[in-house]
Structures are given as structure tokens and as C-alpha cells.
Amino acid sequence: MSNDDASSGAAGPAGAGATRDPANRVLIFDTTLRDGEQSPGISLNKQEKLEIAHQLARLNVDVIEAGFPITSPGDFESVQAIAREVEGPVICGLARTSKQDIEAAWNAVRDSERPRIHTFIATSDIHIERKLQTTREDVKGQVRAAVAQAREYTEDVEFSPEDGSRSDVEYMAEVIQIALDEGATTINVPDTVGYTMPREYNAMFTELYRLVPDLRKVVVSVHCHDDLGIAVANSLAGLEAGCRQVECAINGIGERAGNASLEETAMLLHTREPSLGLWTGIETTEIARTSRLVSRLTGYQVQPNKAIVGRNAFAHEAGIHQDGVLKERTTYEIMDATTVGLRSNSIVLGKHSGRHALSKALEEMGFELDGQALNTAFKRFKEIADRKKQVTAMDLEALVTDELREEISGYALEWFEVEASSLRPPHARVSITLPDGSSATGSFMGDGPIDAVFQAINAASGMGAKLNDFTIGAVTEGQDALGEVSIVVEVHGFTGAGQGVSTDIIDAAARAYVRALSVAVARSQADAAIGLPETTTP
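From a predicted model like this one, the values you see are computed outputs, not experimental measurements.

Rules used throughout
- Residues numbered from 1 in each chain as written.
- Predicted model: local features only at pLDDT ≥ 70, side-chain atom pairs only at ≥ 80, totals over all residues.
- Heavy atoms only, no water.
- Helix = DSSP H or I, 4+ residues; strand = E, 2+ residues; numbered from the N terminus.
- Buried < 20%, exposed > 50% of the residue type's maximum accessible area, 1.4 Å probe, protein only.
- Contact = heavy atoms within 4.5 Å.
- Expected span 1.5 Å × (residues − 1).
- Pairing = 2+ DSSP bridges.
- Axes fitted to C-alpha atoms, helices over the stretch in contact; angles between N-to-C directions.
- Salt bridge = Lys/Arg side-chain N within 4 Å of Asp/Glu carboxyl O.
- Phe/Tyr/Trp six-rings, centres within 6.5 Å; stacked < 30°, edge-to-face > 60°.
- Lys NZ or Arg CZ within 6 Å of the ring centre and 35° of its normal.

Before going further, it helps to spend a moment on the environment of Thr265. With respect to the element layout, Thr265 can be found in helix α9 (residues 262-271). Overall, Thr265 belongs to the buried group, its relative accessible area being 3%. Here the alpha-carbon distance between Thr265 and Cys248, two residues 17 residues apart in the chain, equals 8.1 Å. If we skip the residues at most four places from it in the chain, Thr265 touches Val232, Val246 and Ala260.

Taking 1.5 Å of rise per residue, the 13 residues of helix α6 (residues 169-181) would be expected to cover 18 Å, and the 18 Å separating its terminal C-alpha atoms lies within 8% of that figure. For α6, every residue scored as buried is listed here: Tyr171, Met172, Ala173, Val175, Ile176, Ile178, Ala179 and Leu180. Packing partners of the buried residues in α6 comprise α4 (125-132), α5 (136-153), β5 (157-162), β6 (186-191) and α7 (198-211). With its phi angle positive at about 110°, Gly183 sits one or two positions after the end of α6.

Before going further, it helps to spend a moment on the sheet that holds strand β7 (residues 219-224). Taking strand neighbours around the barrel as the criterion, the eight strands line up as β1-β2-β3-β4-β5-β6-β7-β8 in a closed arrangement whose pairing is parallel. Ignoring which end each strand starts from, the neighbouring axes of this sheet average 25° apart. Inspection of the sheet shows β5 paired to β6 by two bridges, in the parallel sense. When the sheet's bridge partners are listed, Phe159 is paired in β6 with Ile187. Docked against the sheet, α4 engages β4 (115-122) and β5, running at close to 85° with respect to β4.

Further remarks concern the pattern of salt bridges. Going through the model one piece at a time under the given rule, you end up with 25 salt bridges. Its salt-bridge partner being Arg116, residue Asp156 comes within 2.8 Å of it at the nearest N-O pair. On the criterion of sequence distance, the pair formed by Asp156 in the loop between α5 and β5 and Arg116 in strand β4 is long-range, its members being 40 residues apart. The class of Asp156 is buried, set by a relative accessible area of 18%. A salt bridge links Glu162 to Lys131, with the shortest nitrogen-to-oxygen separation between them at 3.0 Å. Of the two residues, Glu162 is situated in strand β5 and Lys131 in helix α4; the sequence distance between them amounts to 31 residues.

Throughout the structure, instances matching the rule amount to six aromatic pairs. When the ring of Phe68 is compared with that of Phe120, the centres are 6.3 Å apart and the planes differ by 70°; the resulting orientation is edge-to-face. One end of the pair, Phe68, is in the loop between β2 (63-67) and α2 (73-85); the other, Phe120, is in strand β4, with 52 residues separating them in the sequence. A relative accessible area of 2% places Phe120 in the buried class. The residue whose ring lies beneath Arg136 is Tyr171, and the NZ or CZ to ring-centre distance is 4.5 Å.

Shown next as C-alpha cells:
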């Protein structure tokens, strides 16, 4: 589906496509893989990032900010792979104003059919003086050089004055004019620390349009953080002031309290299109699936009462509400759950289903597996099918995304055994594969069977990992539902998140623990060598 397809079946109210004004098309810039991955504890491998990027393409986002290429070889390789393999959206790489950053961003995205370089520098006095320790004039010079360099590589260049909402608007206008003079085609003015309010943000853009008339010739973008819980409201305020791009993330993940939520922004514009007159090209029926994928791969659980994609988003507990919905859904539901891809679980396989049936089901869901990947998925499917009466689409989603995590280098679970009783403390033995490929065993007596397994893994690995967070959820309903465990551990001050899926909750927990351990250890070992940018980002 084309990103410019104004008549996308789920992009707006029925019949709206014929009367939509192209000037009111809102571009969705997804930063899940860049700002979202900067959330504490999240560390996605290349295969996981690719899977999310392919799903974002199915969601029909306009721009995928795939990463910050200069930060590490792994991030560079992930952005490069997405640029080479994902078709449809613009593929964007973030860069500071240094020559090395911009060169790295270009080399990472250059193979995309639609590459973009996004460069930024702070314009608020507190950032210029305290963080950058430079002057306003120097910032102007850096912007001029950076945008000019980026334009030598590509015609699609975005510039962001970081901490724009706390900047002196007249000075920021001068900086933006410089970026426009050098050829920037998108100007993003972020509320980097989530401080502004809707009326202030709207007024800021109104003033910028007055001070910089050339802004009306390019795309103006909003990027809002949720520190005060109003990122989506602020984004809407910017749109109402004339902006036509929203930078957001799936499930609202991102630095600190996160970014504006993509699903909330998209469904706000979809549901209120008749009054706002604004619309997007988002394929809304892919929203729920995208949310689940990002949640599973990042380990960030979606809160039950989360708007649009939370478990309770379309649930009704009060008797009066239930009665009303039974008589007429719209008495209490302003959206249809199927519009965002909820309550859709039609694919059902059983233990006698073969490889071809599994391949066909996965293909219908958008997963293209063959060769060893399909063999591995089929093996896991058979293991699960022997324990469950039926394997549904949501089960298959969980299984396939679980297999993606096997590419994480480090520790891997080989086997475990647990002796548990109400008469004595549980005892566990485990065997794990170490990063060098050898095996190690460990045993421990814990407070409970899961605690015993975790301590045995610590004993086998020789790592004194500390458990920071442990969450259990069910993929589907019923006693035979797959269990999904998310874990965050800490090693030498570095956190790592891991997830595991199984009908056996101890097995799921053990898988999650070794994956979280792998991420935390890798981070602690790589920190000194990588030298991450000492700056915040838009």
C-alpha cells in the first residue's frame, strides 16, 4: 500500500477519502527504533529491529527513524539493514551536527529508496551554556555546516532545534532560517523535556510561522515528550497551528516518561477527523498487532488501561455500561475495536497441522519464514500444539517474536530441572551456554521454584545479576494459554530486559532471565569501548 494512498481502508471515517484535503494530510514519523529504544532496559538486536521496521511498514507509517548510527557498530548495522530491506516508508538516521555523525547517518541510510538525514542541536540557553558549553553564534555556524553537508548527500534533510519549547523564539527563528537557507526540507521543533502546555506550544508555532515565512514552504513537525502526561495533546496543538508531521512511538515508549503515543495520535485523528479535518495514511487495523510486537520485543508491558491498545480499552465492567453496549455499541464505545485490530484472532491451528499450514498462516499474518527459520518455528509450534488444544494467531505472533530473540549473543538456556514441594525449599539445576560457546551448570535452593532457577543461572554464569522487575502475562485466554514473562536484571549497574514465552511459566521465566542477563552483560562490557554521545536527543 502506498504511503500516499489517501483512501486507505482504515485511515479515516467511511467515505472520507473522497473529500480529504491533501494539505491536511498528517505525516506519521515513527521513532520507536530510535527514541523508543533509548528507554532504560531496552536493547533490540538487528533481527528484532528489522521485524519491527517491517511491521511499521505494514502499519503504513510515513517515516521510520531507524536509529542513531554513530552511537555503535550495532546501531549502524541495524539502520543499514532496515534501509536495505524495508520498502515504503522514508528511512531516517539521526545525527548530531558533527561531520562524523552526518557521514555515519548517510552511510547507514544511503541504500534506502527514500533516505533521510535528521540532524539536531540545542537552541535553548540552558542547553547551549550548560550542556554544549558554547555560544549562540557557534550553534548557528554548526547548523549551517551540518545542513549543508547533509544536503550534499540527500535532498531529504530534517533539522531539529533541540529543547525548542524552552528556547528564545526569536533566536530559534534565526537558527531555523539558516537551516532552511541551507536546504532543510523538514523542520521539527521538539518539546524535548515535556515541559510545554498545548496553548504555549500552539502560540510558539504561530510566532515561528510569523517570524519565518519560509516555514510554510516545508514540512513542520512536532516531537513531544510525555513528562507531564500531555504529549499527545501538545502534538495536536502543533497540528492545529499548521504543523503536518508528528513524531511519535508505538506504545509511547521513549526517554524518561516516553514520547507521544503513535496509536493514540493516529486514532485521535481518525476518530475526530470530521471536526479536525486532519487525516493520516495509517492502516489502523495493524495498530494492535504492532503494539503487541513492540511490547514483546522490548519487554515493556502495556498497562491494562492504556488508551487504544490496553487490555481494558474496550472492556466494560459497570452493569449500566454493559447494558448500554449490548443495546448499542456506540453508547459507550467511540471506536470499534476491530478498527485497531483488536478482537481479531481468526487463525486457528491444531497439533495435526503441518508445515505448509503453519507457513500459510504466518504468511497471512505478514511473517515470511523459510528454510531454517521456518523449521525452527515449526518445531516450537509442535511443542506448543502438543500442550494446547488450539494455537491461535496471537499464539503464533508470540512464538515467532520469541524466536527472534534467539539471535541475542551471550547466554542461552539448555535445560533446567526443579524439585518443588511444600515440605522443603525448592531446588533447581540448570545448564546454560556461555558466550564462548561452552556449557556450564549451576544449582541453587531458592524461596520458590522460579527464584531457584534464577539463582542457579547466576551460579552457572558466575554473574551476580540482580532482579529488578518481573512480570507475567497470558498471551490468550484459558488454562492452556501461553505464558509471557518479562524480566529486567541489573549487572554492574547496567540493566537488561528479556522476555520468554511458553506454556510452562518456569520455562518462560528461565528463557527471559538468560536473555536479560545477556543484554545487561553486553552493555556493561561495551560501555567503555563505544563512547555513547554525551547529549540528549530531540
